[in-house]
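The primary structure of each chain is shown beneath.
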Amino acid sequence: EDQVTQSPEALRLQEGESSSLNCSYTVSGLRGLFWYRQDPGKGPEFLFTLYSAGEEKEKERLKATLTKKESFLHITAPKPEDSATYLCAVQDRAGSYQLTFGKGTKLSVIP
Amino acid sequence: EAGVAQSPRYKIIEKRQSVAFWCNPISGHATLYWYQQILGQGPKLLIQFQNNGVVDDSQLPKDRFSAERLKGVDSTLKIQPAKLEDSAVYLCASSLADGAYEQYFGPGTRLTVT
């Protein structure tokens, strides 16, 4: 059974204070690892897909990296508008193409 | 490009009543998903359609939940009868096709069962 564990559950940062969110996963074979951002009362918003260990992707202040066991979402010099819950999900090569999500990390960036 | 549309946005019902949710995916997206997101949890897949055929409904409580996707476009998810534990946000997502394609989510329907 695929498993995704995200840490920390919540993270409080000062504006400009860089940090990283962790996503540890267990799958029989990884097809893709996805990062989403979710604002209160809204559906998840797609950020990145990573396919193989060593891959990195960047978007504005966010950078996602992938190893064989975990992924990191690095946030550089965050701003208050980066406050949201960040969800990690994996897609297994076996079976259907469903995403298995972690519980998310709630990020708060204080001005 | 218009996103995934869902309605209603909010619904409050009493237990044992029935409820239906509607979803219209992004134009041209062949694959449609329904997820259940309980407060404080990540979304959990209920059912996946490829065009108008079911690909995966292994986690759908079939004694009370049903879904259809007529004509391979929009979809309806129904709960009958509802239980207290069905209180959650029901999210619809779509993707171009099966595979490692990103899924795009709608705003969700928040269901409260009293």
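Structure shown above.
(A) View of the overall build of chain B. In terms of regular secondary structure, chain B is built from zero helices and 11 strands. Counting helices and strands in the order they occur from the N terminus, chain B gives β-β-β-β-β-β-β-β-β-β-β. Rg of the C-alpha trace for chain B: 13 Å, near the compact-globule value of 13 Å for 114 residues, within the 12% margin. Dimensions of chain B, computed from the C-alpha atoms along their principal axes, are close to 35 × 25 × 25 Å. Evaluated residue by residue, chain B yields a buried proportion of 46% over its 114 residues. In chain B, 54% of the contacts between residues at least 6 apart in sequence involve partners at least 24 apart. When the accessible surface of chain B is summed, it comes to about 5,500 Å², and 50% of that surface belongs to carbon and sulfur atoms. The averaged location of the 11 negative side-chain charges in chain B is 8 Å from the averaged location of its 12 positive side-chain charges.

(B) The arrangement of the state of the cysteines in detail. All names here are of chain B. Under the criterion given, the structure shown has two disulfides over all chains. Two residues, Cys 23 and Cys 92, share a disulfide whose sulfurs are 1.9 Å apart. Its S-S torsion of about -65° marks the bond between Cys 23 and Cys 92 as left-handed, since a negative value means left-handed. Linking Cys 23 in strand E3 (residues 19-24) with Cys 92 in strand E9 (residues 88-95), this pair joins segments that are 69 residues apart in sequence. Look at Cys 92 and you get buried, because its relative accessible area is 0%.

(C) Just the pattern of salt bridges, in detail. The full count for this structure, using the stated rule, is six salt bridges over all chains. Taking the shortest distance from any N to any O, the salt bridge between Glu 56 of chain A and Lys 63 of chain A comes out at 3.3 Å. Look at Lys 63 of chain A and you get partly exposed, because its relative accessible area is 28%. Of the charged contacts in the structure, one is a salt bridge between Lys 62 of chain B and Asp 57 of chain B, with a shortest N-O distance of 3.8 Å. A residue is classified by how much of its surface remains accessible, and Asp 57 of chain B, at 26% relative accessible area, is partly exposed.

What counts and what doesn't
- Residues numbered from 1 in each chain as written.
- Chains lettered and ligands numbered in written order.
- Predicted model: local features only at pLDDT ≥ 70, side-chain atom pairs only at ≥ 80, totals over all residues.
- Heavy atoms only, no water.
- Helix = DSSP H or I, 4+ residues; strand = E, 2+ residues; numbered from the N terminus.
- Rg over C-alpha atoms; globule rule 2.2 N^0.38 Å.
- Buried < 20%, exposed > 50% of the residue type's maximum accessible area, 1.4 Å probe, protein only.
- Contact = heavy atoms within 4.5 Å.
- Areas by Shrake-Rupley, 256 points an atom, 1.4 Å probe, with all protein chains shown as cover.
- Lys, Arg positive; Asp, Glu negative; His and termini not counted.
- Charge placed at Lys NZ, Arg CZ, Asp CG, Glu CD.
- Disulfide = S-S within 2.5 Å.
- Salt bridge = Lys/Arg side-chain N within 4 Å of Asp/Glu carboxyl O.

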